[in-house]
There are 2 protein chains.
Amino acid sequence: MASLVTPELIEKFVEIVGGSYVLYDQDSLTQYGRDETEKLLFLPEIVIRPRTADEISKIMILCNEHKIPVTPRAGGTGLSGGAIPTKGGVLLSIDRLNEIIEIDEQNLQVTTETGVITEVLQDAVKAKGLFYPPDPSSKGSCFIGGNIAENSGGPKAVKYGKVKDYVLNLEVVLPTGEIIWTGANVLKNSTGYNLTQLMVGSEGTLGIVTKAVFKLIPYPKQDMLMLIPFHTLESASAAVSAIFRAGYTPSSLEFVEIDALKIAAQFVDSHVVPVDDSIAAHLIVEVDGNDPEVLMKDMEGIAIALDGFDIGEIFFAEDSQQKEELWKLRRRAAEAVKSVGYTVEEDTVVPRAKLPELIHGVKDLGVKFDFKVVCYGHAGDGNIHVRINKEGFPNSYGHPEMEEILNELFKLVVSLGGTISGEHGIGLTQKRYLSLILNDTHVRLMQGIKQTFDPNNILNAGKIFD
Amino acid sequence: MASLVTPELIEKFVEIVGGSYVLYDQDSLTQYGRDETEKLLFLPEIVIRPRTADEISKIMILCNEHKIPVTPRAGGTGLSGGAIPTKGGVLLSIDRLNEIIEIDEQNLQVTTETGVITEVLQDAVKAKGLFYPPDPSSKGSCFIGGNIAENSGGPKAVKYGKVKDYVLNLEVVLPTGEIIWTGANVLKNSTGYNLTQLMVGSEGTLGIVTKAVFKLIPYPKQDMLMLIPFHTLESASAAVSAIFRAGYTPSSLEFVEIDALKIAAQFVDSHVVPVDDSIAAHLIVEVDGNDPEVLMKDMEGIAIALDGFDIGEIFFAEDSQQKEELWKLRRRAAEAVKSVGYTVEEDTVVPRAKLPELIHGVKDLGVKFDFKVVCYGHAGDGNIHVRINKEGFPNSYGHPEMEEILNELFKLVVSLGGTISGEHGIGLTQKRYLSLILNDTHVRLMQGIKQTFDPNNILNAGKIFD
């Protein structure tokens, strides 16, 4: 491919952002050429690290004029290849947009730049007694901007919702260079099409989000956590909907298959969970609120709701250290299982009561296609991450046999009324399976929207759909 | 205007839906030519009342081919003229799509046709112990489809959110006749652009929503209600954000100015609220949950948080009859004040802590432009309905002097960081003020989206923007 980024353009980029923030050495190109998706690498021609929306606007105007592909990148922790610069061109990193602008305690809102790390934002508002709930497992390194791009969830989504439920207003640089705010800093808005919600989950294809205004809620003063062991996968997955049907809404309800837990425990050297070979999976159940008595009643009620399921002895986390250790096990499960060969992660989601059929079907596929598989994830939302370990097939992308497996997996998901991504997005690697869930009309509408925002198709082109 | 709906077309429409459901007598045209917006009337050429998405698809294919304007209509209770057939042509009523298809108690979801009355849906799910919270004041007559079109809120939105927070999936007939489902029946979805959220609040301009899948929550077992009188408008409006800052999230937090309350009390012949001339406004505060002791603590905590505000004696509703009577007063306020001349209703929304400045500014405008005005609404969301009574100006639409007044009002709203509609939409009557909040780029994007969905601009054309 001929170089699109000419020396003259590089000079202009340097004028806009300064020489230190335009990178084209091999190390930088390699570093910015991958994210956390499998083992994929595509090099950009150049990496630019602007500081402001205004600088990004100038960059986009130049790139739009010269039809240069631009791939925006937040924390680089994505799992569907959304930030991988498959078209070369410019890799635009938002890592320097890292200021929390205002925590508005009067209106319970925060205005932040989008290169802020999710956990940093959470900690800053927590210091004021406020709560921004969406936190993917990668919260210590992912950015708010990436969370917006993928409409991220995390373990609290079951009670508190996803990014889309907290976004009030976004500052966006369009591919054509205009800077807009998509809404207003208000809790209700029926003023034209909801451009704010259209941006959320659009995976960096419609614009570069540079600032976000989120609503916040009071931080719940108390939480309690228990770990419930199940002797069969069926009972663990069936128990999930039973908890909700009994009238409880846990603040987290996570499913972890025993193999994933064992691998994670070894990975982080944890001994908090007793090893018991009769266990097939655990549910991690957290409740939160302001009144410990109410929470205790909730915990008891949930335990009663599980009477009749095939469970072992419930483990109550006694102090914050035990809670943290349990959460560490859950949060680092992906990293742990990846390290031992489970490199392909899929982000299935089905109606909650269909979880037993999903888990059962996944295991059947493993037998049929000869792969090892572990499941874990946000069971309360019906959102299960499926990690596959098939020797010789570290990637799904570009490997026909693995693609066939995933095609079967997603057919199963769709047959259960689910969809192919709950929170990771389609990006690059899931694009191939999109036609299982979206038809030509859907894609025509999405392409039309893309064309409206990005007439020259320069921004993250070829992600989600062609 | 020459008739677009030829006898040949009428014959085809009759073939599709049956003769009883194609109306063109003067009474029907008049009945379907208005909604609850001021005193406006535009006659359609013909009214069609299809039963199914399939029939609607056939109608749209014909209308698209012949470029006939189509105005979709749900309950006809809109307050921004969205369902008024300003272009003549076909008025398409969804009132026969009135079946609740399935209440899924396993997954806490309901699938419903969109011509179902909101309160009917609420009651049906409540009978199963489930809760669908969004209920505009018109809940007894508005339709789910209209609520989706306007992204309706209502008094529970402050704790439970708006329609957009409950919609999982929509069946939509596009202007070109294709029928799509916008998402999947799952709680989390990151699979392409969020067409579901794009439809919500699009005011019937992008497609006709024929079925909706909503998530439900367990119905809270208890609620408590109190009415707090304030001696000044300033203290009442300032108290709103104080309640949230103290860490409470009421299930409703409504503001009612004393004049509105008095007029409503007379209108419904209610004597539940003691008359006291020293009172300027009330806040209606409701809390809900499962544990009455917790609720009582919340009520006490809220009362303590209001210590130092200029309040009168708090009235606690003692039983469900008193609660119902208070709610009746609030819900029928709009109808009541309209009946005595407050015909122009505006739907302002600002960040919560800006309410005192909004109310104060509204009153100043009343003095400056010589009109009477009452305010009431969903103060917890910063969403205040402003009702104007100016002799000789029953409408805003097409009355330059009233338009000047509203222009000033909305400039104030925007200067406070707010927007011009919180839950009523832009429709016909608010279109004139859109440029105060959206610039040319916003409108270009929205027009591009509209063009993608409706290439011949036949569906509710001229609403929101031209």
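Residues numbered from 1 in each chain as written. Chains lettered and ligands numbered in written order. Predicted model: local features only at pLDDT ≥ 70, side-chain atom pairs only at ≥ 80, totals over all residues. Heavy atoms only, no water.

**Concerning the pattern of salt bridges**
Residue and element names in this part refer to chain A. Heads up, the condition is: Should a side-chain nitrogen of Lys or Arg be within 4 Å of a carboxyl oxygen of Asp or Glu, the pair is scored as a salt bridge. Here a helix means four or more residues in a row that DSSP labels H or I, a strand means two or more in a row labelled E, and each is numbered from the N terminus.
Per the counting criterion, the structure on display carries 58 salt bridges over all chains. With its nearest N and O atoms 2.6 Å apart, the salt bridge here joins Glu345 to Arg387. Placement of Glu345 in strand S16 (residues 344-349) and of Arg387 in strand S18 (residues 383-389) is noted, with a sequence separation of 42 residues between them. Here Lys354 makes a salt bridge to Glu357, at a shortest N to O gap of 3.8 Å. In the salt-bridge network here, residues are joined through shared partners; they are Glu119, Asp135, Lys139 and Arg331.

**Some remarks on the interface of chain A and chain B**
Think of interface size as the accessible area that goes away when the parts come together; that is how it is often given. Quick note on the threshold: Contacts are assigned to residue pairs that have any heavy atoms within 4.5 Å of one another. Values labelled buried area give the accessible surface lost by two parts on being combined, using a 1.4 Å probe and summing over both.
Residue-level contacts link 80 residues of chain A with 80 residues of chain B. Broken down residue by residue, the surface that chain A buries against chain B is led by Lys188(A), Ser190(A) and Tyr193(A), which jointly contribute 16%. Inspection of the region where chain A meets chain B yields 8 salt bridges. Linking Glu178(A) and Arg444(B) is a salt bridge whose minimum nitrogen-to-oxygen distance equals 3.1 Å.

**What about the environment of Gly207(B)?**
All names here are of chain B. Cut-off, in case you're wondering: Buried means the residue's accessible area, taken with a 1.4 Å probe over protein chains only, is under 20% of the maximum for its type, while exposed means over 50%, and partly exposed covers the values in between.
Summarising the element assignment, Gly207 is placed in the loop between helix H7 (195-199) and strand S10 (208-215). The exposure class assigned to Gly207 is buried, which follows from its relative accessible area of 4%. Each C-alpha atom of the pair Gly207 and Ile179 lies 9.4 Å from the other, and the pair is 28 residues apart in sequence. What Gly207 contacts, discounting residues up to four positions off in sequence, is Val172, Val173, Leu174, Pro175, Met199 and Leu459.

**Some words on the nonpolar core**
Note the cut-off: What makes a nonpolar core is a set of buried Ala, Val, Leu, Ile, Met, Phe, Trp, Tyr and Cys residues whose side-chain atoms join them at distances within 4.5 Å.
If you look at the biggest cluster of nonpolar residues, it comprises 175 residues, and the most contacted ones within it are Phe214(A) and Phe214(B). Not counting the four nearest positions on each side in its chain, Phe214(B) is found in contact with Leu108(B), Gln109(B), Val110(B), Thr112(B), Leu121(B), Tyr132(B), Ile144(B), Ile148(B), Val163(B), Tyr166(B), Val167(B) and Leu168(B).

**Describing the UniProt feature "domain: FAD-binding PCMH-type" (unreviewed entry) in chain A**
Threshold: UniProt positions are given in the numbering used here, feature names are shortened, and annotations may be inferred rather than shown by experiment.
The sites that carry the UniProt feature "domain: FAD-binding PCMH-type" (unreviewed entry) are, in the present numbering, residues 40-219 of chain A. End C-alpha to end C-alpha, residues 40-219 of chain A measures 39 Å, and it is 22% helix and 24% strand.

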